[in-house]
Structure formats: C-alpha cells, structure tokens
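# Architecture at a glance
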Amino acid sequence: VQLQASGGGLVQAGGSLKLPCGASGHTFDSFTMGWFRRAPEKDRRVFVAGISERGRNTKYADSVEGRFTISRDNDKNTVYLEMDSLKAEDTAVYYCAALSEPYRWVAIPSKYAYWGQGTLVTVSS
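As the structure is a computational prediction, the values presented were derived from the model and not from experiment. (Residues numbered from 1 in each chain as written. Predicted model: local features only at pLDDT ≥ 70, side-chain atom pairs only at ≥ 80, totals over all residues. Heavy atoms only, no water.)

Here the structure, examined in full by the defined rule, presents one disulfide. Two residues, Cys21 and Cys96, share a disulfide whose sulfurs are 2.0 Å apart. Disulfide Cys21 to Cys96: torsion about the S-S bond roughly 60°, handedness right-handed. On the criterion of sequence distance, the pair formed by Cys21 in strand β3 (residues 17–23) and Cys96 in strand β9 (residues 92–99) is long-range, its members being 75 residues apart. (Disulfide = S-S within 2.5 Å. Helix = DSSP H or I, 4+ residues; strand = E, 2+ residues; numbered from the N terminus.)

Structure, rendered in structure tokens:
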C-alpha cells in the first residue's frame, strides 16, 4: 500500500489543523493505521495516534490525548488526524503508516510496514 500524507502548514498556537492521509490499493481496511511525528533535530519517530481496521479502537499518546482525534473513512481509503489546541511542541514532521501486525503493536513504529512521506506542521507561539 502507498500512503500520501498532506495538510501540513504553519498555524498559530491554539489553532487547529486536519491532516489527511490517502492510501492506494484495495486492502486499506485490513490495516491498522497510525500517525507518528518526528520533532526538529530529533531522530526518532514518536507515536501520536492509532486506529484499528474498522475504526472501533483508537489509541493516543499522552501528550495529545484530548486534543487530537484520529479517524478513518475506509470508503475513501483515508485516515485523518485532527489536531486542536496546537502547541509549539507539536511542531514536527507528521507521518502516517500502515500496520499489518496485530493491533496491540499500534504504538510501535518498527512494526509498521508502510510509511507515507511526511508532512510538516509548524506551530508558532
């Protein structure tokens, strides 16, 4: 599956942004989907949010719980990350990824087989 994340940009602190990630292929609904981010001058991609194949289960990093919402539309082969109450520390390149392993691995980046190219979100304080 090929993934294409978009929607990044510059936003003021306290603002909102919604990132879509489109997927090619006909097996989108067989993948758990995740969002990760890599902060400036950091090497690691850190888990942000994940959603199970049918959308029944979601998981969030503590740092974004209550501010970010992950959702998916399997008819459109798209997963979304809606980000509200943005903070300067949310500045990062955001990546979507597809997991073919069991959902229990949703927060582990090394378990994901497919990655999008990333979209930059910059939050000005």
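What follows concerns the environment of Thr122. With respect to the element layout, Thr122 can be found in strand β11 (residues 119–124). Taking relative accessible area as the criterion, Thr122 reaches 27% and is therefore assigned partly exposed. Residues Thr122 and Val11, 111 residues apart in the sequence, show an inter-C-alpha distance of 6.3 Å. (Buried < 20%, exposed > 50% of the residue type's maximum accessible area, 1.4 Å probe, protein only.)

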